[in-house]
Amino acid sequence: MKNILYITAILSLIIIPASCDKEKKEPKQETKMMMMTNMETVSIQKTNPKVELKLPGELVPDQETALFAKVQSYVKKINVDIGTYVNAGQVLMILEAPEIQAQAANAKAKWQAQEAIYASTKSSYARMYRANETKGAIAKDALDQITARKLSDEAQVNAARSAYRELQDINHYLVIRAPFSGVITERNVDLGAYVGPMGNTPLMIIQNTSKLRLSLSVSEASVPYLNVGDTISFRVHAIPEKNFKARISRKSGSLDLKLRSEKIEADFINHSRELKPFMIAESIIPLQNSEATFFIPRSSLVESNMGIYIIKKEHGKAKFISVKKGRIMNETIEVFGELSEGDQIIKKGSEEILEGSLIK
């Protein structure tokens, strides 16, 4: 009886630890199985969708010029005001400079006087030249002197004419004309105001508002997808219910050093003139690649200290594939790497998944 009790006690001591070990191991296996079931995979295929890029832009006039006075003068007449539409070459303002006008009149008188002297000298030269046809009638020294005098007087006439024309050109500066067709957006002087080339404030500012430029800065990653001729849709806050379209007309061809973006401009013909220069535009640019690429769920992308990668299922095991990011569309993102159509990748990637681990 004692032996039976002794054996029973020993067996109970052996069975209890074994059962405890079993209870401890079962939760770990259950947790491990739960991790495995969360590894949902998706098959990837190449697509080529249009990804919409939203960017703020600014509408600027196609042409804008500040008009200044080129000479010291007074404002004599003003023909236009703010909001006036003008044509190219139209007289906008007339200035007055009495000193320049007096100098021009004096230069013209000198020119006319030199013309008279030259006419007399040329007549004397012609008579002596005809008389020289008779041998010995005119001494050679006299003929040389009249020839030299004729050339000198001719040079004096040309100099006087040039001085007069120079003053006439300056006198033309007193008439301010429109360099192109547009609208006067600023007028900063009144009649009788003293103006000159050293002033910081322009007489007027003219803008061509019939054609506007939509100016945008496109980030480096989106630059390759934009080409001259592409259509851009945009809206403005002043007219939120209306959608406008413009075509890309030019690209700067270089990135901004600070922003790392390229400046592009899209022309918009503003026939109705309902859009104003310097309005803020919310633009939508469709970005489409020249060939199909892979778009994967954004949750599949893992960004860690090891780099940017996705987890591919290969022979039932996890394999890390390094990728580079591209365009973003809704809940998907474009990636570039060593991928093939039909590859299975983990839908919800995580740093906790180890490379080489089994995927069920």
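This structure is a prediction, so every number in the text was calculated from the model and none was measured. (Residues numbered from 1 in each chain as written. Predicted model: local features only at pLDDT ≥ 70, side-chain atom pairs only at ≥ 80, totals over all residues. Heavy atoms only, no water.)

Which residues make up the packing of helix α2 (residues 98–131) against helix α3 (residues 140–172), and what values go with them?
Where α2 meets α3, the axes come as close as 8 Å, and the angle between the chain directions of the two elements is 160°. One element, α2, and the other, α3, form an angle in the roughly antiparallel class. In the crossing of α2 with α3, the sense of the turn from one axis to the other is left-handed. Residue classes in the contact of α2 with α3 are distributed as 17 nonpolar, 9 polar and 9 charged. (Axes fitted to C-alpha atoms, helices over the stretch in contact; angles between N-to-C directions. Helix = DSSP H or I, 4+ residues; strand = E, 2+ residues; numbered from the N terminus. Parallel < 35°, antiparallel > 145°, perpendicular 65-115°, else oblique. Left-handed = near helix turned anticlockwise from the far one by under 90°. Nonpolar A, V, L, I, M, F, W, Y, C, P; charged D, E, K, R; others polar.)

Got a sec to walk through the environment of methionine 198? Specific residues and values, please.
Within the element layout of this structure, methionine 198 appears in the loop between β9 (194–195) and β10 (204–219). Each C-alpha atom of the pair methionine 198 and glutamine 72 lies 8.8 Å from the other, and the pair is 126 residues apart in sequence.

Would you mind going over unusual backbone geometry in detail, with residue names and values included?
Positive phi, normally seen in glycine, also occurs at arginine 260, with a value near 55°. Topologically, arginine 260 is positioned in the loop between β12 (239–255) and β13 (261–269). In this structure, histidine 315 takes a positive phi of about 55° despite not being glycine. Residue placement: histidine 315 occurs in the loop between β17 (307–314) and β18 (317–329).

Hey, could you go over the packing of aromatic side chains for me, with residue numbers and the actual values?
Here the structure, examined in full by the defined rule, presents 5 aromatic pairs. Cluster of aromatic residues (ring-pair linked, three or more members): Phe234, Phe244 and Phe268. Its end group placed over the ring of tyrosine 225, arginine 327 keeps NZ or CZ at 4.5 Å from the ring centre. (Phe/Tyr/Trp six-rings, centres within 6.5 Å; stacked < 30°, edge-to-face > 60°. Lys NZ or Arg CZ within 6 Å of the ring centre and 35° of its normal.)

Can you explain α2? Please cite residues and give values.
Between its terminal C-alpha atoms α2 stretches 50 Å, which fits the 50 Å expected from 34 residues at 1.5 Å a residue. The set of residues buried in α2 consists of Ile100, Ala104, Ala107, Trp111, Gln114, Tyr118, Thr121 and Met128. Elements in contact with the buried residues of α2: α3. (Expected span 1.5 Å × (residues − 1). Buried < 20%, exposed > 50% of the residue type's maximum accessible area, 1.4 Å probe, protein only. Contact = heavy atoms within 4.5 Å.)

Residue-level account of the pattern of salt bridges, with values.
Between side chains of opposite charge, pairing is possible as soon as their charged atoms come close. One pass over the full model with this rule turns up 15 salt bridges. For the salt bridge of aspartate 62 with arginine 213, the shortest nitrogen-to-oxygen distance reads 3.0 Å. Residue aspartate 62 is located in strand β3 (residues 51–67), and its partner arginine 213 is located in strand β10; the two are separated by 151 residues in the primary sequence. Linking lysine 312 and glutamate 314 is a salt bridge whose minimum nitrogen-to-oxygen distance equals 3.6 Å. The class of lysine 312 is buried, set by a relative accessible area of 12%. Through salt bridges with shared partners, a single network forms among Asp62, Lys211, Arg213, Arg250, Lys263, Glu265 and Asp267. (Salt bridge = Lys/Arg side-chain N within 4 Å of Asp/Glu carboxyl O.)

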